[in-house]
Amino acid sequence: MSTVFNILAILFMVAVLIVLGRGLVNMMRGGSGNTSNKLMQARVALQFFALIFIMLALYFSRG
């Protein structure tokens, strides 16, 4: 069971990296503030889910 949560946590962390990269590219190109705001909201949500799955993986790995 912890393997599933480990994989999900890693996937969410990769998604956070992708969103951060898109935000950096948007900032460097002088993109719209609206896009930057939406990316940062998505980053916060993804970090929340990554943290939840990390905690679940730790809980189930104590077995």
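1. Some points on the packing of helix α1 (residues 2-28) against helix α2 (residues 33-61)
Thought 1: Relative orientation of the contacting elements α1 and α2 amounts to 160°, with a least axis distance of 8 Å. Between α1 and α2, the angle falls in the class roughly antiparallel. The handedness of the crossing between α1 and α2 comes out as left-handed.
Thought 2: Of the residues in the contact of α1 with α2, the class split is 19 nonpolar, eight polar and two charged.

2. Some words on α1
Thought 1: Over its 27 residues, α1 runs 39 Å from end to end, which matches the ideal 39 Å to within 8%, given 1.5 Å per residue.
Thought 2: All of the buried residues along α1 are Ser 2, Phe 5, Ala 9, Val 16, Val 19, Gly 23 and Asn 26.
Thought 3: Those residues of α1 hidden inside the fold are in contact with α2.
Thought 4: Immediately beyond the C-terminal end of α1, within one or two residues, lies Gly 30, with a positive phi of roughly 75°.

3. Considerations on α2
Thought 1: The end-to-end C-alpha separation of α2 is 42 Å, in line with the 42 Å expected for 29 residues at 1.5 Å each.
Thought 2: The secondary structure elements touched by the buried residues of α2 are α1.

4. A look at the packing of aromatic side chains
Thought 1: Tallied over the full model, the rule gives six aromatic pairs.
Thought 2: Ring geometry for Phe 5 versus Phe 53: centroids 6.0 Å apart, planes at 25°, classification stacked. Taken together, the positions of Phe 5 in helix α1 and Phe 53 in helix α2 put the pair 48 residues apart, joining distant regions of the chain. The same class applies to Phe 5 as to Phe 53, namely buried.
Thought 3: Feature note: the residues Phe 5, Phe 12, Phe 48, Phe 49, Phe 53, Tyr 59 and Phe 60 constitute an aromatic cluster, connected by ring pairs.

Each value, and the rule that gives it
Residues numbered from 1 in each chain as written. Predicted model: local features only at pLDDT ≥ 70, side-chain atom pairs only at ≥ 80, totals over all residues. Heavy atoms only, no water. Axes fitted to C-alpha atoms, helices over the stretch in contact; angles between N-to-C directions. Helix = DSSP H or I, 4+ residues; strand = E, 2+ residues; numbered from the N terminus. Parallel < 35°, antiparallel > 145°, perpendicular 65-115°, else oblique. Left-handed = near helix turned anticlockwise from the far one by under 90°. Nonpolar A, V, L, I, M, F, W, Y, C, P; charged D, E, K, R; others polar. Expected span 1.5 Å × (residues − 1). Buried < 20%, exposed > 50% of the residue type's maximum accessible area, 1.4 Å probe, protein only. Contact = heavy atoms within 4.5 Å. Phe/Tyr/Trp six-rings, centres within 6.5 Å; stacked < 30°, edge-to-face > 60°.

None of the figures reported here should be taken as evidence of function without further support.
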